[in-house]
Structures are given as C-alpha cells and as structure tokens.
Amino acid sequence: MSDKTLLKNGIVLTLDKKVGNFHQADVLIEGTKIAALSPNLNAEGAQVIDASDMIVMPGFVDTHRHVWEGILRNIGTDVPLEGDASYLSLILNTLAPVYRPEDAYVGNLVGLYGAIDAGITTILDWSHIQATREHADAVIKALQESGMRAVFAYGYPWWKYPDENQDKWIRDVARQYFSSKEQLLTFAIAPPGPEFAPFDATKSQWELARELDVRITVHVGVGTAGKLGKLGEMGRAGLLKDDTTYIHCTTLSDDEIKMIVDTGGTVSLASPVEMLMGHGMPPIQRFLDRGLRPSLSIDVETNVPNDMFTQIHSIISLQHAMIFDRKLAGKRNLPPFMTSRDVIECATIEGARANGLAHKTGTLTPGKEADLIMLRTDRPNILPVNDPIGAVVWGMDTSNVDSVFVAGKALKRNGQLLNVDLENLRRMAYQSRDYVVAQSGFRLPEI
Ligand SMILES: [Zn+2]
C-alpha cells in the first residue's frame, strides 16, 4: 500500500504566512509528513481523498489539560476553584486520592478520544495523578494508545505533597519512555509551582527539568494564592527562562507578567475555567499589550467542554468586551481587537510553540508533520462558506470535524473515530467512575 495520501480540492488554511491560504488546493501527505501543498498537485500512486466539501487546516492544540479527570466530566459544573466545597477540596483532595492506575488509564482514554473527536491533534497532559510509579505507566499507556501527539507533563499529586519518591520516579520515567524526542509522545515536568510549594522545593523541581532538558509547565497567578508575589521571587532569583509555559496568570502583578514576557515564556489561558471558577480575570489584554499571544487550554472537563471552539469563542468575546467597555467609557487610544485569524492562531501555532513543538506542528507547512483536520462545509450549520476563517472561528463546532490525522495517520474519518472500541470504552468509563465515586464518598450532583 502507498504511504502517500492526497487531500484533493479543499479550502486549505495553512496558517503559515509564507505558504498562504487557498480557496482550493491539494495537500500531499507522505509517510508522517506534509510533502507538498499547492493547487493541482499531481501525485502518482497516492490514495486520493476528496476534500472539496472541506476546510483543511492544522489540528487544534490544547496546552494544558488534566486528562485523568476524563471520567469526572461535568461533575463540578457549579463548583468554584477555592472554598469549602470546591475544585481543590472535591476533585483534588477527595476524588483524586482514590484513583487506581487503571482509573487514571480510563480517565485518560476517554479524555483523549474526546479530544481527537473534537479535532485536537496535540495535547499537553498536565498529569498530577502520579500517586505511584504505576499511575505514570498507566497514563503513558493511554497516551500511546490514543495515537495523538502529546506532551506527558509529569505532575506531583497535590493531595500527597511532598512525596520523596517523586523525583526518582520522574528520572525513571524519563529514562524508560523519553530517551528520544523524535516520537509522538514528549516529556515535560509539571511542578506544583511557587504558589503551592516552598521556594526551595520549586527551585529544585525546575532545576530537575533543566537537568533532563525538558520543558516546565506551571500554574501561576491562581486565585488568592496568585496574589502573593511568589512568581516574582522566582524571577528575581533568575529562574525564569524560555522553557516554561505559565498557566492562567490571572492574579499576577504587572511586574510578574512583564517577567514572563521578558524571559521568553509562553502562556496558556483557560478562559472558560478562569471566568467560571474564580481564578481571576483572564489576562489576555495584559499579554497582548506586551506583544505575547497566549495559547489556549481546556484545563478541567469537570467543569467545561472538551473542544477548542469553545475556547476560541470565549477568549475573543472577552477581549472584545473589555475593549468595547473602555470605548463606551470614553477611553481613547485603545488596543486593536483580536481578529478571527489571531484567535485561530492562538488555538494552533501558539499552542505548538507553548508545547515546544512548533518545528513539527501548528501550521500546514511542507516538511512539518501531517497533523491536520478536515472540517465539513456541506452541513446546514455552515453553508454557504463566505469567509473560511470566520466560518471556523464562529460558524463551526465539533459536528463539522470530519477527519483527523496525526503524523499522517488517520484517527478519525467520515465523522467516525477509528481504532477504538467505543462500547468497551463506555463500559470501562462507567466502571471506573463508579469505583472512584463510591470509594471517595463523593455524591454525584442531584438533579
Ligand atoms: Zn490546570
């Protein structure tokens, strides 16, 4: 069988300014890569896929999700971040501690297949469920089975912190699974961060990441704790570098925001979660004013949907609302509004950058890996297509996701996930959910 696939006659949004976008073009996939891209490609021996009713574009990139929470979907939609009955008390301190490795595995599987189904090709799994070494093995197994491009961000479990075993397990995992960076699954370290751990512990975790030459992903500026100036202490100690993604940043000071920008950091905003759960006002404008475009992330499926369309709608609406509010108050010299093109780039190439993968994914560029999605334009929610970028940003939803390719391999075709036994997944999800809920004493919400 040929390892060439030709996507023929699609609307192609490469999102690569040098390559441009096309009202009609072909994309040639060869092996794992995009081999060529232009109108009227001739590719002898290639399997041809008709893309004439499709928008072809880079897959979405989620830069921070606690994927193990997949079996806890929507379990805390009315629950805030902090307080007596909160995300911290119920999810992290009540439900998480009873997870067995198999529950982490199943939580990951449902989260990952949901992500693929929604057109996400790369995910950073912020995985703070490593109660034992076996939990890490289970999560990595799910990540590998899914076929997604993923960053396994090894997190320290918050309900049993500190735990003297963790640094050894991190070294073991790095050696066992991540000796190569040329694989779908890459490695990062997800320390609790300066607001949730003593300075010396945080410093040594960041040093461990640098010794292993992997990226750091960290929650900062989170609600009340974010106001304590802890990131500033790290910055003044010279610890902030361009190898770190800062999540939320909602209650940081301006000095701390500036430190992130000045040291080349990347940012992940989860604006639906931040607004819904009380993390603080999403700092979209504070970063845009300083020339940094954030990436976007789903964060917790306990509260919010699993797709990037929701992320896009949320962040661009918020940014516009804040600027219009200033305009209506008579303010002048206002910053520009985010455009549809800006926000689609936040959900793709900025995500790839934050995950340390911009050289491989995030745009449709010949030579990059073939991580792409095909979005149906013949559905009643979107036709006729007048502005393809506007259509993706405002008109489409997950029902338009027809096909998903990662490294040239189809994971979804004709609206159906491939390589997954959904009946078995369903059975495992309910079994694990029932076990975790019963063991923890948590009561599912009344209806
Ligand atoms: Zn988070």
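So, a few notes on the structure that sits alongside this text. The structure presented is a predicted model; accordingly, all values stated were derived computationally and were not measured.

**So, the overall build of the protein**
Of regular secondary structure, the protein possesses 14 helices and 17 strands. Taking all 447 residues of the protein together, the buried fraction comes to 59%. A sequence separation of at least 24 residues applies to 75% of the contacts in the protein between residues at least 6 apart. As displayed, the protein offers around 17,800 Å² of accessible surface, 50% of which is attributable to carbon and sulfur atoms. Between the averaged position of the 44 positive side-chain charges in the protein and that of its 55 negative side-chain charges there is a distance of 3 Å.

**Here we look at helix 5 (residues 199–212)**
In a regular helix each residue adds 1.5 Å, so 14 residues correspond to 20 Å; helix 5 covers 20 Å between its end C-alpha atoms and thus fits that length. Every buried residue belonging to helix 5 is among T202, Q205, W206, L208 and A209, and all of these are buried. Looking down the long axis of helix 5, one finds its buried residues gathered within 150° of arc, a one-sided arrangement. Facing away from the buried side of helix 5 by more than 90 degrees, the exposed set consists of D200 and E211. With its phi angle positive at about 60°, D213 sits one or two positions after the end of helix 5.

**Some remarks on the sheet that holds strand 7 (residues 120–127)**
Two pairing modes exist for strands in a sheet, parallel and antiparallel, and in both the strands are linked by backbone hydrogen bonds. Here we have eight strands laid out as an open sheet, ordered 6-7-8-9-10-11-12-13, and parallel in their pairing. Since the sheet does not close on itself, it has two edges, and those belong to strand 6 (60–65) and strand 13 (295–296), each with one partner. Its contacts with the sheet place helix 2 (residues 101–117) against strand 6 and strand 7, and it is angled at close to 150° to strand 7.

**Some details on unusual backbone geometry**
Residues Y161 and P162 are joined by a peptide bond in cis, for which omega reads 0°. Tracing the chain through its elements places P162 in the loop between strand 8 (149–155) and helix 4 (166–177). Between L383 and P384 the backbone carries a cis peptide bond, its omega angle lying at -5°. Mapped onto the fold, P384 is located in the loop between strand 14 (372–376) and helix 13 (388–395). Look at N414: it is not a glycine, yet its phi comes out positive at around 55°.

**Re the side chain of S89**
Topologically, S89 is positioned in helix 1 (residues 87–95). Of the residues examined, S89 reaches a relative accessible area of 19% and is grouped as buried. Among the polar contacts made by the side chain of S89, one reaches the main-chain carbonyl oxygen of D84 at a distance of 2.9 Å. When sequence neighbours within four positions are dropped, the list of residues in contact with S89 reads G83, D84 and T94.

**A word on the pattern of salt bridges**
On inspection of all chains with the given rule, the structure shows 33 salt bridges. Between K168 and D172 there is a salt bridge, with its nearest N and O atoms 2.9 Å apart. One end of the pair is K168 and the other is D172, both in helix 4 and four residues apart, which spans about a single turn. The partner of E345 in a salt bridge is R293, and the shortest N-O contact between them spans 2.8 Å. With E345 in helix 11 (residues 340–346) and R293 in the loop between helix 9 (284–288) and strand 13, the pair connects residues that are 52 residues apart, well separated along the chain. Within this structure, K17, R293, D342, E345, E350 and R353 form a network of salt bridges that share partners.

**Structural notes on the packing of helix 3 (residues 133–146) against helix 4**
Between two packed helices, the angle of one axis relative to the other and the distance separating the axes together describe the packing. Contact pair helix 3 / helix 4: the axes reach a minimum separation of 10 Å and the direction vectors enclose 35°. Seen from above, helix 3 lies across helix 4 with right-handed handedness. Judged by residue contacts, R133, A136, D137, I140 and Q144 of helix 3 engage W169, D172, V173, Q176 and Y177 from helix 4. When its residues are assigned to classes, the contact of helix 3 with helix 4 shows five nonpolar, two polar and three charged.

**Considerations on helix 4**
Because each turn of an α-helix spans 3.6 residues, side chains separated by three or four positions end up pointing in the same direction. The end-to-end C-alpha distance of helix 4, which contains 12 residues, comes to 16 Å, matching closely the 16 Å that a straight helix rising 1.5 Å per residue would cover. Every buried residue of helix 4 is listed here: Q166, W169, I170, D172, V173, A174 and Y177. At its buried positions, helix 4 is contacted by helix 3, strand 8, strand 9 (185–190) and helix 5.

**Examining the nonpolar core**
With 114 residues, the main nonpolar core has F60, F152 and V392 as its most contacted residues. Per-element accounting of this core gives the leading share, nine residues, to helix 2. Residues within four places of F60 in sequence aside, it is in contact with A118, G119, I120, T121, T122, M308, F309, I312, A347, T348, I373 and V392. The next biggest cluster of nonpolar side chains, apart from the first, holds 17 residues, and it includes V12, I34, A51 and F405.

**Re the environment of A174**
Structurally, A174 can be placed in helix 4. For the pair A174 and V214, spaced 40 residues apart in sequence, the C-alpha to C-alpha distance is 9.5 Å. Residues within four places of A174 in sequence aside, it is in contact with S179, F187 and L212.

What counts as what
Residues numbered from 1 in each chain as written. Predicted model: local features only at pLDDT ≥ 70, side-chain atom pairs only at ≥ 80, totals over all residues. Heavy atoms only, no water. Helix = DSSP H or I, 4+ residues; strand = E, 2+ residues; numbered from the N terminus. Buried < 20%, exposed > 50% of the residue type's maximum accessible area, 1.4 Å probe, protein only. Contact = heavy atoms within 4.5 Å. Areas by Shrake-Rupley, 256 points an atom, 1.4 Å probe, with all protein chains shown as cover. Lys, Arg positive; Asp, Glu negative; His and termini not counted. Charge placed at Lys NZ, Arg CZ, Asp CG, Glu CD. Expected span 1.5 Å × (residues − 1). Arc of directions from axis to C-beta. Pairing = 2+ DSSP bridges. Axes fitted to C-alpha atoms, helices over the stretch in contact; angles between N-to-C directions. Polar contact = N/O pair within 3.5 Å; in protein donor to acceptor, adjacent residues only side chain to side chain. Salt bridge = Lys/Arg side-chain N within 4 Å of Asp/Glu carboxyl O. Left-handed = near helix turned anticlockwise from the far one by under 90°. Nonpolar A, V, L, I, M, F, W, Y, C, P; charged D, E, K, R; others polar. Core = buried A, V, L, I, M, F, W, Y, C linked by side-chain atoms within 4.5 Å.

Read these as geometric descriptors, not functional statements.
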